Structures are given as C-alpha cells and as structure tokens.
Amino acid sequence: MWCRFTGSVDPRTLSWLLQSEWAESLSYEPGALISVVGASTKAEIAKIPAHDELEISRGLSRAARASNAWILMGGTHTGAARLVGRMMTDAPGVPCLGVAPWSHVDQRAELASSADSGVYTYTTGQHVDYQQGGGDEPGEDGAAAIRRPLEPRVTHFLLADRYREAGGDTRSAESNAHELRRAVENVLAPPASAARGGAVAATSSNPALGGGEAEAAAAAAAAAGRGSAASCPMVLVVMGGGV
C-alpha cells in the first residue's frame with residue numbers, strides 16, 4: 001500500500017492513516033518502533049563486514065518479532081533500506097514502513113495512474129539500481145532526480161512530493177521526506193512532552209484523499225477515538241553511517 005503526501009505533514013492525518021485507514025493491513029499495533037537510517041548507496045553498505053551483517057540481521061529480525069515492532073526505513077531499493085529488506089525476509093508479517101521522495105521513485109507515473117484503490121504490479125526485477133531518470137521533477141540541485149525501484153520488503157510506502165509553501169517557496173520532495181519521517185517517529189513514539197495537532201495539508205494517492213477530505217477524515221477519526229496512534233518506545237539503528 002502507498003500514500004503520496006503533497007503538502008506539509010500533519011500528525012492528525014498521519015495518525016488517522018496508520019491507525020484507521022491502514023489498521024487492518026498493518027496487522028497489529030506497534031509494541032516498538034525500530035527506525036533504521038544510514039548509508040544511502042550500495043557502495044557504503046558493502047563496507048559492512050559480512051559477519052557483522054549476519055549478526056545485525058539476526059538481531060533485527062528477532063527484536064522485531066519479540067517486541068511486535070514496526071520497522072521504519074527508506075522506501076527505495078538502495079543503501080540501508082536495501083540491506084534491511086534483505087534482513088527482514090526472516091521476519092515475515094512484520095510491518096515495514098518505507099519513506100521516500102516521490103521524485104526518486106521509478107515507475108511513479110504508472111503508480112499515479114493506479115491510484116484510488118487501483119492495483120499496479122511493480123516489477124523491481126527489471127530495473128537497475130541508481131538508474132538516472134529523465135523525468136521532469138528535479139532533485140535538490142536542479143538536475144534530474146535519480147530514479148530507484150521501491151524496496152520489495154516494505155509493506156507500506158509513505159511518499160513525499162514537493163509542494164509550494166504559503167510564502168511562495170517550493171519545498172523539495174527530499175526535504176518533505178525528511179519531515180515525513182520525523183512525523184512518523186513523533187506520531188508513533190512521541191517525546192513525553194510533545195503536543196499533537198496542526199492544520200491538515202496532506203493528500204493521499206492510494207487511497208484518494210484530498211485536502212478537505214483529509215481534514216474531515218482526521219476529525220472523524222479523532223471523534224471516534226482514533227485521533228492518535230498508540231505511543232511506543234523507539235530504537236534508532238544506524239547502518240553504515242550517513243546520519
């Protein structure tokens with residue numbers, strides 16, 4: 001399943017998505033959140049010794065199963081996310097949330113055309129990692145963004161698009177993805193003093209959720225007692241640097 005955010009991330013909408021709209025497919029509420037960050041390239045991950053990778057793999061899958069954890073990771077098939085995807089094959093059924101910039105996703109046009117509960121069979125095996133895209137959405141430096149396949153082991157994708165802020169400045173997809181990841185961490189494992197709320201400005205592509213509809217849905221979820229996700233502890237795992 002996937003959702004595309006085309007505005008600033010609102011905790012109420014994100015909580016509604018995770019606790020209500022996706023509740024059945026996520027199988028269980030998280031007993032912990034394991035947030036994995038680190039290297040963004042295959043070369044950096046290759047520097048991790050094989051025996052260390054094996055121990056990390058065993059530990060991560062065992063910890064996820066023992067604590068009923070959700071995994072939060074990158075959404076594309078590269079770097080730390082690619083490694084975690086390989087590791088989590090030993091832990092089927094564990095929800096894996098993948099966050100990625102929309103402009104970096106290969107086959108995004110096909111995904112967009114299958115929105116609103118449509119089904120699109122994503123063929124990751126046909127794509128080469130770090131394929132240079134020729135699309136119309138530039139990266140941070142104005143050049144064409146690198147297009148990468150989605151990570152097959154991720155169960156739920158949160159894809160952040162660029163958008164224009166109230167002051168007229170354009171917030172990049174990369175920047176919005178960082179904001180989205182922080183929001184997921186704060187919704188599922190909030191600091192003790194954190195206050196939740198804010199103005200809804202996110203849209204979803206699957207299922208369809210416009211700005212006004214998102215606000216109404218979030219309000220309805222809150223009224224039904226589903227306004228915020230259950231709080232759980234978070235463990236940060238750093239693989240290969242890159243933080």
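Heads up: the structure comes first, above all this text.
Residues numbered from 1 in each chain as written. Predicted model: local features only at pLDDT ≥ 70, side-chain atom pairs only at ≥ 80, totals over all residues. Heavy atoms only, no water.

Q: Could you clarify how one ought to interpret unusual backbone geometry in this entry?
A: In most cases, non-glycine residues show a negative phi, while peptide bonds are predominantly trans. Here S27, not a glycine, exhibits a phi torsion of approximately 75°, which is positive. Topologically, S27 is positioned in the loop between α2 (23-26) and β2 (32-38). A relative accessible area of 53% means that S27 is categorised as exposed. Not every positive phi belongs to a glycine, and Q107 is a case in point at roughly 65°. Among the secondary structure elements, Q107 is positioned in the loop between β4 (96-101) and α6 (108-113). (Helix = DSSP H or I, 4+ residues; strand = E, 2+ residues; numbered from the N terminus. Buried < 20%, exposed > 50% of the residue type's maximum accessible area, 1.4 Å probe, protein only.)

Q: How should the packing of aromatic side chains be read in this particular structure?
A: The geometry of an aromatic ring pair is captured by two quantities: the separation of the ring centres and the angle between the planes. Going through the model one piece at a time under the given rule, you end up with 1 aromatic pair. Residues W2 and W102 carry aromatic rings whose centres are separated by 5.8 Å and whose planes lie at 15° to one another, so their mutual orientation is stacked. Of this pair, W2 sits in strand β1 (residues 2-5) while W102 sits in the loop between β4 and α6; the two residues are 100 residues apart in sequence, bridging distant segments of the chain. The burial state of W2 is the same as that of W102; both residues are buried. (Phe/Tyr/Trp six-rings, centres within 6.5 Å; stacked < 30°, edge-to-face > 60°.)

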